[in-house]
Amino acid sequence: MNNDSVRGYIILTLKSLGYKEDEIDKVLDELHLQFDTITEEEAEQYYYSGDWRE
């Protein structure tokens, strides 16, 4: 999966949840930063660790 696919899934999810365009833009801006600073492996480890549930 590439970054643009992830962006598409996130946009579809946020629209389905009723997020407004400006809110989606903010999420995508932050996502861009995360793509630039966090490796795919780090992101995967974070997801599986469950730390994000805190």
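Residues numbered from 1 in each chain as written. Predicted model: local features only at pLDDT ≥ 70, side-chain atom pairs only at ≥ 80, totals over all residues. Heavy atoms only, no water.

A. Structural context of the pattern of salt bridges. All told, the structure shown has one salt bridge when counted by the stated rule. Here R7 and D4 are joined by a salt bridge, their closest N and O atoms 2.9 Å apart. Of the two residues, R7 and D4 are both situated in helix α1 (residues 3–16); the distance of three residues between them amounts to about one turn of the helix. On the basis of relative accessible area, D4 is assigned to the exposed category, the value being 56%. (Salt bridge = Lys/Arg side-chain N within 4 Å of Asp/Glu carboxyl O. Helix = DSSP H or I, 4+ residues; strand = E, 2+ residues; numbered from the N terminus. Buried < 20%, exposed > 50% of the residue type's maximum accessible area, 1.4 Å probe, protein only.)

B. Here's a closer look at the packing of α1 against helix α2 (residues 21–37). Two elements in contact, α1 and α2, have axes separated by 11 Å at closest approach and are oriented at 150°. When the axes of α1 and α2 are compared, the pair comes out roughly antiparallel. Of the two possible hands of crossing, α1 and α2 adopt the one that is right-handed. Where α1 approaches α2, its residues N3, V6, R7, I10, I11, L14 and K15 are matched on the opposing element by I24, V27, L28, L31, H32 and F35. Here the contact of α1 with α2 is composed, by residue class, of nine nonpolar, two polar and two charged. (Axes fitted to C-alpha atoms, helices over the stretch in contact; angles between N-to-C directions. Parallel < 35°, antiparallel > 145°, perpendicular 65-115°, else oblique. Left-handed = near helix turned anticlockwise from the far one by under 90°. Contact = heavy atoms within 4.5 Å. Nonpolar A, V, L, I, M, F, W, Y, C, P; charged D, E, K, R; others polar.)

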